[in-house]
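# A look at the structure
Residue-level listing of the chains:
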Amino acid sequence: MDKWLRNTNVVRIVALVIGIMLWVVVHMEETNISGNTALRERVETINNVSITTKYDETHYFISSMNPANVQVILKGKESALKKVTASNSYQIQLDLTQVGKGDHQVTLSPVGIPSDVDVEIVPRVVHVMIEELQMKEVPVVINVKGTPAAGLKAGQPIVKPGKVYITAQTSKLDQIENVRGEVSVDKAQSAVTKQVRLQAFDKEGKEVTLIINPSVVDVEVPITSPFQTIPLQLKVSGEPPAGYAIAMITQTPDKVTVYGAQDVVDRLEFYQGPQLSLQDVKETKDFALDIPLRNKVTQLDPAKVIVHVEVVPSITKAMENVPITIIGQNENYVTKVTQPAAAALNITVEGAPAIIDQLKVGDIQAILDVSNLPPGKHELKVTLNMPSFVKLGLPQDVKAIVEISEKNVKAANP
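Only a predicted model underlies this, so the values are computations on that prediction, with no experimental measurement involved.

### Some thoughts on the pairing of strand β1 (residues 41-54)
- The pairing of β1 with strand β3 (residues 69-77) spans eight bridges and is antiparallel. Pairing of R42 across the sheet is with G76, part of β3.
- Where β1 lies against strand β4 (residues 91-95), four bridges are found, and the strand directions are parallel. Of the residues in β4, the one forming a bridge with T52 is Q93.

### With respect to the side chain of T348
- Looking at the element boundaries, T348 is found in strand β28 (residues 344-351).
- The contact partners of T348, leaving out residues within four places of it in the chain, are T316, K317, A318, K391, L392, G393, L394 and Q396.

### What to know about the domain arrangement of the protein chain
- Taken domain by domain, the protein chain consists of domain 1 (41-123), domain 2 (133-224), domain 3 (227-313) and domain 4 (315-406).
- Once you take the C-alpha centre of each, domain 2 and domain 4 turn out to be 64 Å apart.

### A look at the sheet that holds strand β32 (residues 391-392)
- Pairing is mixed in the open sheet, where five strands are placed in the order β31-β29-β26-β28-β32. Across the chains shown, the open sheet's two edge strands, defined by having one partner strand only, are β31 (383-385) and β32.
- Direction of pairing for strand β29 (residues 365-369) relative to β31: antiparallel, over a ladder of three bridges. Paired with Q365 across the two strands is N385, which belongs to β31.

### Some details on a nonpolar patch on the surface
- Taken together, the side chains of I13, V17 and M21 make up a nonpolar region of the molecular surface, amounting to roughly 300 Å² of accessible area.
- Its location among the elements puts I13 in helix α2 (residues 8-39).

### A few points about the environment of K153
- Among the secondary structure elements, K153 is positioned in strand β9 (residues 153-154).
- Given the relative accessible area of 30%, K153 is considered partly exposed.
- Here K153 is in contact with P148, P222, I223, T224, S225, P226 and F227, once residues within four sequence places are set aside.

### Focus: the packing of aromatic side chains
- For the structure on display, the rule yields one aromatic pair.
- Taking the ring centre of F227 as reference, the NZ or CZ of K153 above it sits at 5.2 Å.

### Remarks on the sheet that holds strand β25 (residues 304-313)
- Across the sheet, three strands lie side by side as β20-β25-β23; this open sheet has antiparallel pairing. Every other strand in the sheet has two partners, leaving β20 (244-252) and β23 (285-290) as the edge strands with one partner each. Taking the axes of each pair of neighbouring strands and ignoring which way they run, one obtains an average angle of 25° across the sheet.
- Here β20 runs beside β25; their pairing, made up of eight bridges, is antiparallel. The residue of β25 that forms the bridge with Q251 is V307.

### Points about the pattern of salt bridges
- Evaluation of the coordinates by the stated rule reveals seven salt bridges.
- For K101, the salt bridge is made with E132, and the minimal N-O distance between the two is 3.7 Å. Highlighted residues: K101 in the loop between β4 and β5 (102-107) and E132 in strand β8 (residues 125-145), separated in sequence by 31 residues.
- K101 sits in the exposed class, given a relative accessible area of 56%.
- By relative accessible area, which is 31% here, E132 ends up partly exposed.
- In this structure, the salt-bridge partner of D290 is K304, at a minimum N-O distance of 2.4 Å.

### Regarding the environment of V144
- With respect to the element layout, V144 can be found in strand β8.
- Along the sequence, V144 and I306 sit 162 residues apart, while their C-alpha atoms lie 36 Å from each other.

### Details of the side chain of T167
- Mapped onto the fold, T167 is located in strand β11 (residues 163-169).
- Here T167 falls in the buried class, since its relative accessible area comes to 13%.
- Setting aside chain neighbours within four positions, we find T167 in contact with L133, Q134, M135, L210 and I211.

### Side note on helix α3 (residues 78-87)
- Every buried residue of α3 is listed here: E78, A80, L81 and V84. End-on, the buried residues of α3 take up no more than an arc of 160°, which puts them together on one face. Exposed residues pointing more than 90 degrees away from the buried face of α3 are listed as K83 and A86.
- Backbone geometry just downstream of α3 places N88 in the positive-phi region, at approximately 55°.

### Side note on the layout of surface pockets
- Roughly 260 Å³ of internal volume is contained in the largest pocket.
- Along the walls of the largest pocket sit 14 residues, with G238, I246, S388, F389 and V390 positioned nearest its centre.
- Of all the secondary structure elements, the ones that give two or more residues to the lining of the largest pocket are β19 (227-237) and β20.
- Among the elements that line the lining of the largest pocket, the one with the most residues is β20, at three residues.
- Tallied by class, residues from the lining of the largest pocket come to nine nonpolar, three polar and two charged.
- No fewer than three residues from each of domain 3 (227-313) and domain 4 (315-406) sit in the lining of the largest pocket.

Rules of the game
Residues numbered from 1 in each chain as written. Predicted model: local features only at pLDDT ≥ 70, side-chain atom pairs only at ≥ 80, totals over all residues. Heavy atoms only, no water. Pairing = 2+ DSSP bridges. Helix = DSSP H or I, 4+ residues; strand = E, 2+ residues; numbered from the N terminus. Contact = heavy atoms within 4.5 Å. Domains from an automatic or database assignment. Patch = residues over 30% accessible without salt bridge, like charges linked within 9 Å, V, L, I, M, F, W, Y side chains within 5 Å. Areas by Shrake-Rupley, 256 points an atom, 1.4 Å probe, with all protein chains shown as cover. Salt bridge = Lys/Arg side-chain N within 4 Å of Asp/Glu carboxyl O. Buried < 20%, exposed > 50% of the residue type's maximum accessible area, 1.4 Å probe, protein only. Phe/Tyr/Trp six-rings, centres within 6.5 Å; stacked < 30°, edge-to-face > 60°. Lys NZ or Arg CZ within 6 Å of the ring centre and 35° of its normal. Axes fitted to C-alpha atoms, helices over the stretch in contact; angles between N-to-C directions. Arc of directions from axis to C-beta. 1 Å grid on protein atoms, 1.4 Å probe; cavity = no way out; pocket = protein on both sides within 12 Å on 5 of 7 lines; lining within 4 Å. Points joined across faces, edges and corners; volume = space filled by probe spheres on them. Nonpolar A, V, L, I, M, F, W, Y, C, P; charged D, E, K, R; others polar.

Now the structure itself:
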């Protein structure tokens, strides 16, 4: 025995065996301690846990829920509790799929918690108010902000689509009249095109959160010269030959949009269009005419006008005792028509049957201008003002003789 102990190799082997035995003993003790901890039951309390709702969001809306957060008490083995809290995959669910609109008391349910963990929810029941969602079609309003480049003007926004659908509880829908977007045209030199996000506002101008479909629309804001739309005036000259008359003239369009500097546009009350000659026209006809640019106008819309002229065989009619009206009289003279007698004309007129049949003496003016004439007798041409498309039916030289004399002034007795 003493010989073995004195042997260095034997001592080394014994020391190695003792070391291995000590490591095994220590490791077994740690395993037992760890195993006992994992198997020990524990209680864990989690505060302010949010409630997850489950319901048909396309038809219903939760207007109130009390409480919105709860306390969750978990009981079970420590290893199981650690899995629950570490993964954070559990939910406290409020299942509303089986209830409709109105007031409800609904029990909460835990979701995602293993069966070997006991769950207590405080409180277990919540009070919830559910409203039914409604849909409403409303117009889109685009607010144009800013000022385009000098000399230009922003036109009316073009919105596609012009109306959208909003979805919300009835109490909110009643407050909404339209939805709005905003486009800036500041310093723009050409049309501004962009996609615009829409927002809903109540009647007091406060933004309201609800579902807008679509929530983004396409908007184009034209940038043009200043403009206004005014009547388009045609100038008609000439007339059909004898035996024919104009029954009607119509034009398309009857208005035109003019573009130009602001001061040019502002002073225009109507736009003088092209001149149309009807000389020797014997049949109904359409004329396509270019509208000329005038008076510093830079653009016209449209640039053409279609004129429809209806020509028919004419008839004549005698108009008797058309009174002569004198204009331009000097207050110091007496002016009198001496011929024709009674200061009235007998003339023959010609025109379309529909016009001539309704023509009366009062529709015709016979004007005699004596402006700046000295005393004496004068033979003057009578100017006839007649309705449109009515002319003299026969070659007639319509004249009158006037006599101008000084007024007799009686001298006062001394």
